[in-house]
Amino acid sequence: MPPDKKLRCAWLPEDKPDYVHYHDTEWGVPVHDDRLLFEMLILEGAQAGLSWYIILKRRQGYRKAFKNFDVAKCAKLTDVELEKALATGDIIRNRLKVFSVRKNALVFLAIQKEFGSFEAYVWRFVGGKPKINCPKKMTASTPESDAISKDLKKRGMSFVGSTIIYAYMQAVGLVNDHMEGCFLVPIK
């Protein structure tokens, strides 16, 4: 039990204060800002095959390498800039993941143009409000994450498989998956 005596999700390693802070202040909180929605989409894709904590520790490095996730600037990143990020950035040095930032930014911009915002596009998959689950154990995907993943892939995005998208949905509050017993489970 942490010093503050609050019960949290069972998956959370409470000996990592930065992870506890992320859980308590960001994870599952509904996000409606396109810049942050883009940031989390890229970071969740970077997580593929890794733990979230590895990405969380490098978040500032990602912000520096990818122009604070300004989607228009990321869409214009040159091969030279992406190679520099691979060589010198405090990020996961996976060529496919790094180069997908530019490609995904271009698709993100097209979605913004089509729907008015990425927020309008993505929130329609859950009817405009968070799905409250309060699970006893975590799941890897849902019909909604399958649908978002399929649509984003069809539009040309990479690193947006259903499992990645479900983690994204949890992170940006499209679903609230704080586990049974966690102090952040919404009161029904």
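These remarks concern the structure in this document. (Residues numbered from 1 in each chain as written. Predicted model: local features only at pLDDT ≥ 70, side-chain atom pairs only at ≥ 80, totals over all residues. Heavy atoms only, no water.)

Digging into the overall build of the protein chain
From N to C terminus, the protein chain includes 10 helices and 2 strands. Across the protein chain, helices and strands are ordered from the amino to the carboxyl terminus as α-α-α-α-α-α-α-α-β-α-α-β. By the compact-globule yardstick of 16 Å for 188 residues, the protein chain fits well, its C-alpha radius of gyration being 17 Å. For the protein chain, the residues scored as buried account for 48% of the 188 residues in total. Here the protein chain displays about 9,500 Å² of accessible surface, and carbon together with sulfur accounts for 56% of that area. (Helix = DSSP H or I, 4+ residues; strand = E, 2+ residues; numbered from the N terminus. Rg over C-alpha atoms; globule rule 2.2 N^0.38 Å. Buried < 20%, exposed > 50% of the residue type's maximum accessible area, 1.4 Å probe, protein only. Areas by Shrake-Rupley, 256 points an atom, 1.4 Å probe, with all protein chains shown as cover.)

Some words on the pattern of salt bridges
Opposite charge on two side chains lets them pair, provided their charged atoms get close. With the rule as written, the count across this model stands at 13 salt bridges. With a shortest N-O distance of 2.9 Å, arginine 59 and glutamate 26 are connected by a salt bridge. In this pair, arginine 59 is assigned in helix α4 (residues 59-65) and glutamate 26 in the loop between α1 (17-25) and α2 (34-47), connecting sequence segments 33 residues apart. A residue is classified by how much of its surface remains accessible, and arginine 59, at 7% relative accessible area, is buried. Residue class for glutamate 26 comes out partly exposed when judged on its relative accessible area of 25%. Three or more residues joined by partner-sharing salt bridges are found here, namely Glu26, Arg35, Glu39, Arg59 and Arg63. (Salt bridge = Lys/Arg side-chain N within 4 Å of Asp/Glu carboxyl O.)

Examining the environment of phenylalanine 38
Turning to its location among the elements, phenylalanine 38 is positioned in helix α2. A sequence separation of 109 residues divides phenylalanine 38 from alanine 147, and the C-alpha atoms of the two residues are 18 Å apart. In this structure phenylalanine 38 touches Phe69, Val71, Cys74, Val101, Asn104, Ala105 and Phe108, once residues within four positions along its chain are discounted. (Contact = heavy atoms within 4.5 Å.)

A closer look at the nonpolar core
Counting residues in hydrophobic clusters, the biggest one holds 57 residues, and the most contacted among them are Phe38, Tyr62, Phe66, Phe118, Val122 and Leu152. What phenylalanine 118 contacts, discounting residues up to four positions off in sequence, is Asp34, Leu37, Leu41, Phe108, Ile111, Gln112, Leu152 and Tyr168. (Core = buried A, V, L, I, M, F, W, Y, C linked by side-chain atoms within 4.5 Å.)

Thoughts on the side chain of serine 158
Mapped onto the secondary structure, serine 158 falls in the loop between α9 (143-155) and α10 (162-171). For serine 158, the residues in contact, after removing those within four places along its chain, are Ser100, Lys103 and Asn104.

Thoughts on the side chain of glutamine 170
Along the chain, the position of glutamine 170 falls in helix α10. What makes glutamine 170 buried here is its relative accessible area of 8%.

Quick look at helix α6 (residues 79-88)
Among the residues of α6, Leu82, Ala85 and Leu86 are the ones counted as buried. Projection of α6 onto a plane perpendicular to its axis shows the buried side chains occupying an angular sector of 100 degrees, all on one side. Away from its buried face by more than 90 degrees, α6 exposes Val80, Lys84 and Thr88. Summarising the contacts, the buried residues of α6 are in contact with α4 and α7 (95-115). (Arc of directions from axis to C-beta.)

Things to note about unusual backbone geometry
At lysine 67, a residue that is not glycine, the phi angle is positive and equals roughly 50 degrees. With respect to the secondary-structure elements, lysine 67 resides in the loop between α4 and α5 (71-75). The class for lysine 67 is partly exposed, based on a relative accessible area of 35%. A positive phi angle, near 60 degrees, is found at phenylalanine 159, a position not held by glycine. The topology assignment puts phenylalanine 159 in the loop between α9 and α10.

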